[in-house]
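Residue strings, one per chain:
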Amino acid sequence: MSIIVDNISYTYEIGTGFEKQALKNVKCVINDGDFIGLIGHTGSGKSTFIQHLNGLVKATSGTIYFNGMDIYDKDFDMKMLRSKVGLVFQYPEHQLFETDIFKDVCFGPKNLGLPKMEVELRAFEALRLVGLDENLYYQSPFDLSGGQKRRVAIAGVLAMRPDVLILDEPTAGLDPKGRDEILDSIKDLKEKTGITVILVSHSMEDVAKYVNRIMVMNDGVLMYDDTPKHIFAGYRELEQIGLAAPQVTYIMNDLKNAGFAVDVNAITVEEA
Ligand code: ADP
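Residues numbered from 1 in each chain as written. Predicted model: local features only at pLDDT ≥ 70, side-chain atom pairs only at ≥ 80, totals over all residues. Heavy atoms only, no water.

Asker: So what's going on with the overall build of the protein chain? Residues and values would help.
Answerer: The secondary structure content of the protein chain amounts to nine helices and 10 strands. Split into buried and exposed, the 272 residues of the protein chain put 47% on the buried side. Put simply, 67% of the contacts in the protein chain that link residues at least 6 apart link residues at least 24 apart. Carbon and sulfur atoms provide 51% of the accessible area of the protein chain, an area that totals close to 13,300 Å². (Helix = DSSP H or I, 4+ residues; strand = E, 2+ residues; numbered from the N terminus. Buried < 20%, exposed > 50% of the residue type's maximum accessible area, 1.4 Å probe, protein only. Contact = heavy atoms within 4.5 Å. Areas by Shrake-Rupley, 256 points an atom, 1.4 Å probe, with all protein chains shown as cover.)

Quick look at the structure:
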């Protein structure tokens, strides 16, 4: 699996007087197995960007290649793309609606037209991956805790067996316990399946511990795209000997100016 984002820009409400350019010449390559943290404060373009990756929003200019195929080509199979690039929206629990959890998770694969046995197999597999207690499978999703509901919603997308799982602010509105529960379960399913994960967050601290790549969006621009180590480690090490390198200081200042509370000491940096 590979996604090449080739210089995309996107403007909302073109020609209305309410025009808003939400993405500006974004270029990047998303590779198989990446675990990406997409960071940026509210309004920086994160949601707009991820909706391009599964074709929900069409770039105003530029294009995207999925496994080498131009997704805007008239012969391109958008339905395939939507099943391969799974998107878990913000507050996904609002989209739970079936009478029991198992039925809810079956909904997506059932809609793909798969045989009943395959649908159920996928639902069990997905619920196991998010670590939900088996005793809960046939209960109403509405009786669950916030963190549990969200794991059911993630299972619903995983049941489509996507190559890429994108989660938009998966910890929004959860208490610290729910937040850890979700992040740990994402880390766990990532380790078990090797699936490519894009974790969208406005909190650097939330994602830096988990991901192997950080993309920083600021005002529609992909400002940084690097390993957490490169973004933080240089600064921390050089600062300790009183020599914060100018280049790294610029990065930290950029991040602070973009509204991030950056606490370099809170970031764990793995050894090379
Ligand atoms: P983020 O996910 O980082 O909060 P968004 O992608 O939602 O950012 O928004 C990027 C910019 O596009 C913001 O200025 C936002 O106000 C604007 N925007 C988002 N959705 C719409 C829309 N449906 N119509 C007009 N402007 C929008």
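Asker: Talk me through the sheet that holds strand E9 (residues 213-218); I want residue IDs and the actual numbers.
Answerer: On the basis of which strands lie adjacent, the open sheet formed by six strands has the order E6-E7-E8-E3-E9-E10 and mixed pairing. In this open sheet, the two edge strands, each paired with only one partner strand, are strand E6 (85-88) and strand E10 (221-226). If you compare each strand with its neighbour and ignore which way they point, the axes differ by 15° on average. Sheet topology note: the strand E3 (residues 35-39)/strand E8 (residues 196-201) ladder contains five bridges and is parallel. (Pairing = 2+ DSSP bridges. Axes fitted to C-alpha atoms, helices over the stretch in contact; angles between N-to-C directions.)

Asker: Describe the sheet that holds strand E4 (residues 61-66), listing the residues and the values that go with them.
Answerer: Where strands meet in a sheet, backbone hydrogen bonds hold them as pairs that are either parallel or antiparallel. With antiparallel pairing, the four strands of this open sheet are ordered in space as E2-E1-E4-E5. Of all the strands in the sheet, just strand E2 (20-31) and strand E5 (69-70) have a single pairing partner and so form its edges. In this sheet, E2 lies alongside strand E1 (residues 2-12) in antiparallel orientation, the contact comprising eight bridges. Among the inter-strand pairings, Ile4 is bridged to a residue of E2, identified as Val29. Where helix H1 (residues 46-53) meets the sheet, it contacts E1, E2 and E4, and its direction lies at approximately 130° from that of E1.

Asker: Outline helix H6 (residues 176-193), listing residues and values.
Answerer: Between the first and last C-alpha of H6 there are 26 Å, a value that for 18 residues agrees with the 26 Å anticipated at 1.5 Å per step. When we look at burial in H6, the residues that qualify are Gly178, Glu181, Ile182, Leu183, Ser185, Ile186, Leu189 and Lys190. In this structure, the buried residues of H6 make contact with E3, helix H4 (116-129), helix H5 (146-158), strand E7 (164-168), E8 and helix H7 (204-208). One or two steps after H6, the chain reaches Gly194, where phi turns positive at roughly 70°. (Expected span 1.5 Å × (residues − 1).)

Asker: Tell me about the side chain of Asn54, and name the residues and values.
Answerer: If you trace the backbone, Asn54 turns up in the loop between H1 and E4. The exposure class of Asn54 is buried, given its relative accessible area of 5%. Once you skip the residues sitting within four places of it in the chain, Asn54 turns out to touch Leu81, Arg82, Val85 and Leu87.

Asker: Account for the side chain of Ser9, with residues named and values stated.
Answerer: Following the sequence through the fold, Ser9 ends up in strand E1. Since its relative accessible area comes to 7%, Ser9 is described here as buried. Apart from the residues within four sequence positions on either side, Ser9 is in contact with Gln21, Leu23, Lys24, Asn25, Ala59, Thr60 and Ser61.

Asker: Any chance you could break down the environment of Ala159 for me, citing the residues and the numbers?
Answerer: Looking at the secondary structure, you find Ala159 in the loop between H5 and E7. Ala159 sits in the buried class, given a relative accessible area of 0%. Apart from the residues within four sequence positions on either side, Ala159 is in contact with Val105, Pro109, Arg122 and Ala126.

Asker: Account for the packing of H5 against H6, naming residues and giving values.
Answerer: Here H5 crosses H6 at 25°, and the two axes come no closer than 10 Å. The angle between the axes of H5 and H6 places the two elements in the roughly parallel class. When the axes of H5 and H6 are compared, the crossing they make is right-handed. Here Gly147, Gln148, Arg150, Arg151, Ile154 and Leu158 of H5 come into contact with H6, specifically with Glu181, Ile182, Ser185 and Leu189. Taken together, the residues of the contact of H5 with H6 sort by class into four nonpolar, three polar and three charged. (Parallel < 35°, antiparallel > 145°, perpendicular 65-115°, else oblique. Left-handed = near helix turned anticlockwise from the far one by under 90°. Nonpolar A, V, L, I, M, F, W, Y, C, P; charged D, E, K, R; others polar.)

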